[in-house]
Protein chains: 2
Amino acid sequence: MVLNAQTAPESFYERHRPLLEQALAATSERGFWTPFRESPSTSVYGEHAPEEGERAFREQLGKPFELPGHPGEGTVLPGETSPYGPALGVAYPRLTPAAAVAAAKAAAPGWRAADADVRAGVAAEILVRLNAASFEIAHAVQHTTGQAFVMAFQAGGPHAQDRGLEAVVYAWAEQKRHPHTARWSKPQRKGGDLELDKRFTPVGRGVSLLVACNTFPTWNSYPGLFASLVTGNPVVVKPHPAAVLPLAVTVRIAREVLAEAGFDPNVVVLAAETAADRGAAELAVNPDVRIIDFTGSTAFGDWLEATAGQAVVYTEKAGLNTVVLDSTDDYRGLLGNLAFSLSLYSGQMCTTPQNLLVPGSGMVTDQGVKTPAEFAEDLGAALDRLLGDPARAAGTLGAIVNDAVLQRLEDAAKLGEVAHASTAVEHPEYPDAVVRTPLLLRLDAGKDSEVYTREWFGPISFVVTTDSTAQGLELLRTTVREHGALTAAVHSTDEAVLAAAEEAALDAGVHLSENLTGGVFVNQSAAFSDFHGSAANPAASATLSDPAFVTGRFATLQSRRPVRAQQG
Amino acid sequence: MVLNAQTAPESFYERHRPLLEQALAATSERGFWTPFRESPSTSVYGEHAPEEGERAFREQLGKPFELPGHPGEGTVLPGETSPYGPALGVAYPRLTPAAAVAAAKAAAPGWRAADADVRAGVAAEILVRLNAASFEIAHAVQHTTGQAFVMAFQAGGPHAQDRGLEAVVYAWAEQKRHPHTARWSKPQRKGGDLELDKRFTPVGRGVSLLVACNTFPTWNSYPGLFASLVTGNPVVVKPHPAAVLPLAVTVRIAREVLAEAGFDPNVVVLAAETAADRGAAELAVNPDVRIIDFTGSTAFGDWLEATAGQAVVYTEKAGLNTVVLDSTDDYRGLLGNLAFSLSLYSGQMCTTPQNLLVPGSGMVTDQGVKTPAEFAEDLGAALDRLLGDPARAAGTLGAIVNDAVLQRLEDAAKLGEVAHASTAVEHPEYPDAVVRTPLLLRLDAGKDSEVYTREWFGPISFVVTTDSTAQGLELLRTTVREHGALTAAVHSTDEAVLAAAEEAALDAGVHLSENLTGGVFVNQSAAFSDFHGSAANPAASATLSDPAFVTGRFATLQSRRPVRAQQG
């Protein structure tokens, strides 16, 4: 690949038009579709891709990160440290929040002047090159988030790219909802028609700010990044200080493509910082920042929504992911599926179930009625089966991302009757990694509401005894409506209960998974088919992705003139 | 028409489906299209429509307004008084803000359970019946706003209905963007596909609050009312205390159709009040109010945007409508067109030009170069020509809506050199009506910025002397970006100036009209073709209508289950 060779901006659109059209069709059909293969296999990505990706990652460690032409003075060392042990030691350009916004703003006019097709083509090219860099990005994600390698590859690479492309095509299509030009001819009672020629131009709102999280630096960022880019807005990328590298690679590739297409590469700017800098709040209230995408804590997300009034704000925060357990005809499948959902990446997903609601009279299963105590014990045993082998356990659990999660795990153990203790697992490859199995507590719906109506981010879940399935559904409805959730699930063999659960989920404003006992897990959502998050409950103010995620990022402005005047 | 005869809810959709489909196509084509004829003629509306409409209006005066089954205790008399003289004396159901929201909320489940087609069909039927009531509504609009009858008919009737239908079809189409159901089949390397059946349901956000204005009670209200209804939200209609009747008629018709279709009529509730009640602020922060549409003052609009954080807020406020005058090949046409724009409804439109920017060196015209002084004099003369005949003047000017406008007119006269004084016109039909011609002042771009960067709502405009057309365009850019505008216009025979004006308007975020010298006026916007307002500048946070106007009013929620489970 020859860098910085000038390419006609239209050529990326011409090259990727079939991809964009397929992707757009997929958003309307919502079956299974993905352009970016999830298998980290040499048969897909090429014989040398794995070692080239790893080498690219290793070569960056302990050095200033190369971003040719990037603004800033000197470097900043955020202090990224792998949850698997070593410090990454990568330094990035240092620039003030004001300088980051100014650079992005200065790059805006040329980007705005390009049309939606050109911008969608550039975005698709960025995604295709990100896909080719999936191994490099996977290592960067693994060693900033603690995800196991395969998950870091899939979630940080192709799945993130899918979510990015999904946002690209929503943004592309919405800008093409209206024609570029139209002639308006109004018949008059006397004389000829009144005639006007009209022009319609989608215009981005202004500088877009992306405030990324530690645990999914690319997956949660690509939708906002690409939605803003394609709608004509430059983007300031503000990574979490502990997970800069995956986004630095992303920014590098985006800037390469932008420059090749003849645009100012500052259409995408990296605003790296240390944890002490706290630049996100300063960036968020900059009057030129007109769009904000944020993934992270409820406290900062709520602050953004209340404070950054000059911007449209898309947040994904936290909530109480809830499972209502009524009955099943596949108890073993249920336990295995749920044990995996609790264990995947040590429960450090915004989608991990926290509150497992079981009626006191027990759930009816193909292995008899299971009381909450029995269910908790059986789920604990399923966790032990899943995580008994350290190598396999490490591949599922990954590593604890930071000390806050570890501390929370220790605090939580005192809150109720422990049904499954969190135990340390020795990582066969990284002896310094902190690996812990999930903690499972038993709580009571009546007495313990203060505990289970808070989010306990990490491998912490509660088997909550309810009076009845009806009470469980009512708890789903009320707790999610008040505190939010990214996921909800139900297990029942009774269609009436499933229908009631669907009603409760609609009331609560949360997506619902039913009777997952096989190879699909509640914490997974597939781009182009599953919606992720919902503005209908407090855990988020956006859905990945739908038209609402993109329409606020631009306005369609019109000009009109009499037809006569153009003949003059 | 038999009231309250039960009709299958689908039948309205079946009846109006061709209308909805045509309307939807029109939003994409943006040529001239209207289903509701603007001529208040018996050949269109039927021989008896005028007198029946007037009688319906007259029969309501001095009585409690009939809204069968409406919640509330007793009545409230807002004290509506016609700007043409008489008090209307109509009383409306009295209910507290909390009671209004509670009634609407209780009506929500059945309305949510109907699908988008059914809701769009009900909305279309409401609009068709509103159209049939256009004469009644015209009288109600005339005698609450002071608009002349023909304008009250057109803007308050068919044009408002057009804007309502436009919102209906955007809301309808956006909910149909995704399928109701989909099957997801993911190939596995081993074994059969993973298969899920998915269901997608658009769900409204919650109770919608409509806070209407005095001057265009229906035109500015129907888009938000219908957008919220069709996306599944019940609506609390809070009219301006001085202009309740047009919306009471609207609510009556909406409730009739809802009841006929088997829905709780409280899906639309009227929250009438006196000016002293100030219920809008209390309604706006009710936690169950999740959507707000507001037209009115910048102060209250800004307060809503900053305070009603639980809701998505669509505002249309005020701004500095600006005309850049560079050159013309039809000076006489320009003057006539502009004089009419300043005079129509006494400049009491959110779209009336306020700041007319003329270079000190003058504008080049087919009648020679015109200095700002000459231009102001010529425009004053054009106003006198247009308004010389009292009957014709009254038909154009209407009446001053309230004392605040009259006071502002008097205050403004002291601010600069008067180029055209506002004079009283005797209304030939209503001797008590306060009718005034527009005030035209001369200001200087450098010295008088404090005056012309405020909005002077009413028949008050300024001929502002600039250094050059370039400075005029820069003023357009900067003042509109900072203070907002609903309209902008330019006159030039130079394509380079027009191109620069288009660039400036895109920067400012405002729609632009060019070289209007004939029968189209800057203050008019045609539904299905022209966008009205733009979230891209501070005068509004919404456009009438586009997808952004509707996508925030609902979320698409999904449920999914393994295919296997449905065979059990």
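All residue numbers refer to position in the chain's written sequence, counted from 1. The naming scheme follows written order: chains are lettered A onward, ligands numbered 1 onward. Residue-level local features of this predicted model are given only where pLDDT is at least 70; pairs of side-chain atoms are given and counted only at 80 or more, and the full residue set underlies all totals for whole chains, interfaces and linings. Remark: hydrogens and water are excluded; side-chain values derive from all non-hydrogen atoms of the structure.

1. Structural notes on helix H6 (residues 134–145) of chain B
Residues and elements named next belong to chain B.
Working step 1: Between its first and last C-alpha, H6 extends 16 Å over 12 residues, near the 16 Å set by a 1.5 Å rise per residue.
Working step 2: Judged by how many residues are buried, H6 sits mostly within the fold: 12 of 12 residues are covered.
Working step 3: Gly146, located one to two residues past H6, shows a positive phi value of around 85 degrees. Strands are runs of DSSP state E lasting at least two residues, helices are runs of H or I lasting at least four, and both sets are numbered from the N terminus onward. To estimate how far a helix should extend, the number of its residues minus one is multiplied by 1.5 Å. Burial classes: relative accessible area under 20% of the type maximum marks a residue as buried, over 50% as exposed, and values in between as partly exposed (1.4 Å probe, protein chains only).

2. Here we look at the pairing of strand E4 (residues 194–204) of chain A
Residues and elements named next belong to chain A.
Working step 1: The buried fraction of E4 amounts to eight of the 11 residues, a majority that puts the element mostly inside the structure.
Working step 2: A pair of strands is labelled paired if DSSP reports no fewer than 2 bridges between them. Of the strand pairs in this sheet, strand E3 (residues 181–186) and E4 are connected by six bridges, and their pairing is antiparallel. Counted as the bridge partner of Ser185 is Glu195 from E4.
Working step 3: Sheet topology places E4 next to strand E19 (residues 554–562); nine bridges connect them, and they run antiparallel. Along E19, the bridge assignment pairs Leu196 with Pro562.

3. A closer look at the relation of the copies chain B and chain A
Working step 1: Only residues with pLDDT of at least 70 in both copies contribute their C-alpha atoms to the least-squares superposition of the copies. Superposition of chain B onto chain A requires a rotation of 180 degrees combined with a translation of 0.0 Å along the rotation axis, giving an RMSD of 0.0 Å. As the rotation angle and translation indicate, the two copies are arranged about a two-fold axis. Within chain B, the C-alpha atom positioned nearest to the axis of rotation is that of B:Ala548, 3.4 Å from it.
Working step 2: Take the interface residues of chain B: 100% of them recur as interface residues in chain A, which is what a same-surface contact looks like. We call two residues in contact when some of their heavy atoms are within 4.5 Å.

4. Remarks on the packing of aromatic side chains
All names here are of chain A.
Working step 1: Working definition: rings of Phe, Tyr and Trp (its six-membered ring) pair if their centres are within 6.5 Å, and the pair is stacked with planes under 30 degrees apart, edge-to-face with planes over 60 apart, and tilted otherwise. According to the stated counting rule, one finds 38 aromatic pairs over all chains in the structure shown.
Working step 2: Measuring from ring centre to ring centre gives 5.3 Å for Tyr45 and Phe153, while their planes differ by 85 degrees; the resulting arrangement is edge-to-face. Of this pair, Tyr45 sits in helix H2 (residues 42–45) while Phe153 sits in helix H8 (residues 149–156), placing them 108 residues apart in sequence.
Working step 3: Both rings, one in Phe149 and one in Phe153, keep their centres 6.5 Å apart while their planes meet at 40 degrees; by these two values the pair is tilted. In this pair, Phe149 and Phe153 both sit in helix H8, four residues apart, roughly one turn of the helix.
Working step 4: Classification of Phe149 by relative accessible area gives partly exposed; the value is 23%.

5. So, the interface of chain B and chain A
Interface extent is often summarised as the accessible area lost during association of the parts.
Working step 1: In this complex, chain B contributes 73 residues to the contact, which on the side of chain A involves 73 residues.
Working step 2: The term buried area refers to how much accessible surface (probe radius 1.4 Å) is lost by two components on association, counted for both of them together. At the boundary of chain B with chain A, total buried surface from both sides reaches about 6,100 Å², with 48% on carbon and sulfur atoms.
Working step 3: A pair is scored as a salt bridge if a Lys or Arg side-chain nitrogen falls within 4 Å of a carboxyl oxygen belonging to Asp or Glu. Taken together, chain B and chain A are joined by 18 salt bridges.
Working step 4: Here a polar contact is recorded for every N or O atom pair within 3.5 Å, except that within protein the pair must consist of a potential hydrogen donor and a potential acceptor, and residues adjacent in sequence are included only if both atoms are side-chain atoms. At the junction of chain B and chain A, the tally comes to 45 residue pairs in polar contact (both at pLDDT 80 or more).
Working step 5: Considering every element that reaches the side of chain B that touches chain A, the biggest residue donor is strand E19 (residues 554–562) of chain B, with eight residues.
Working step 6: Along the lines of polarity and charge, the residues of the side of chain B that touches chain A split into 30 nonpolar, 20 polar and 23 charged.
Working step 7: Where strand E18 (residues 512–514) of chain A meets E19(B), two bridges bridge the pair, whose relative direction is parallel. Residue A:Ser513 lies in a different strand from E19(B), and its bridge partner there is B:Arg560. Think of it as three bins: nonpolar holds Ala, Val, Leu, Ile, Met, Phe, Trp, Tyr, Cys and Pro, charged holds Asp, Glu, Lys and Arg, and polar takes everything else, Gly as well.

6. Things to note about the pattern of salt bridges
Working step 1: In total, this model carries 58 salt bridges over all chains according to the counting rule given.
Working step 2: For the salt bridge of B:Glu136 with B:Arg252, the shortest nitrogen-to-oxygen distance reads 3.3 Å. Highlighted residues: B:Glu136 in helix H6 and B:Arg252 in helix H10 (residues 245–260), separated in sequence by 116 residues. Neither residue differs from the other here; B:Glu136 and B:Arg252 are each classed as buried.
Working step 3: Between B:Glu305 and B:Lys317 there is a salt bridge, with its nearest N and O atoms 3.0 Å apart. Of this pair, B:Glu305 sits in helix H12 (residues 298–307) while B:Lys317 is found in the loop between strand E9 (312–316) and strand E10 (322–325), placing the two residues 12 residues apart along the sequence.
Working step 4: B:Glu305 gets classed as partly exposed once you look at its relative accessible area, which sits at 34%.
Working step 5: The structure contains a network of salt bridges with shared partners spanning A:Arg112, B:Glu474, B:Arg477, B:Glu503 and B:Asp507.

7. Digging into unusual backbone geometry
All names here are of chain A.
Working step 1: One non-glycine residue, Tyr345, lies in positive phi territory at about 50 degrees.
Working step 2: Inspection of the secondary structure assignment puts Tyr345 in the loop between helix H14 (331–343) and strand E11 (355–359).
Working step 3: Even without being a glycine, Ser346 presents a positive backbone phi close to 50 degrees.

8. Description of the sheet that holds strand E8 (residues 289–295) of chain B
Residues and elements named next belong to chain B.
Working step 1: What the five strands build is an open sheet, ordered E7-E6-E5-E8-E9; its pairing is parallel. The two strands at the open ends of the sheet, each matched to only one other strand, are strand E7 (268–270) and E9. When the angles between neighbouring strand axes are averaged without regard to direction, this sheet yields 15 degrees.
Working step 2: With four bridges connecting them, strand E5 (residues 207–211) and strand E6 (residues 235–238) associate as parallel partners. Convention adopted: a line fitted to C-alpha atoms gives each axis, helices being fitted over their contacting stretch, and angles between N-to-C directions are expressed from 0 to 180 degrees.

9. Regarding the confidence of the model for chain A
Working step 1: A score between 0 and 100, pLDDT records how confident the predictor is in each residue. Across chain A, the average pLDDT comes to 95, with 98% of residues at 70 or higher.
Working step 2: Scored as a complex, the prediction yields pTM 0.96 and ipTM 0.95.

10. Some remarks on the sheet that holds E11(A)
Working step 1: Strands sit in the order E14(A)-E15(A)-E16(A)-E11(A)-E10(A)-E17(A)-E18(A)-E19(B)-E4(B)-E3(B) across an open sheet of 10 strands; the sheet is mixed. Because the sheet does not close on itself, it has two edges, and the strands there are strand E14 (417–420) of chain A together with strand E3 (181–186) of chain B. On average, adjacent strands in this sheet sit at an angle of 25 degrees to one another, irrespective of strand direction.
Working step 2: Pairing analysis gives three bridges linking E14(A) to strand E15 (residues 439–444) of chain A, with the strands arranged antiparallel. Pairing of A:His420 across the sheet is with A:Leu440, part of E15(A).

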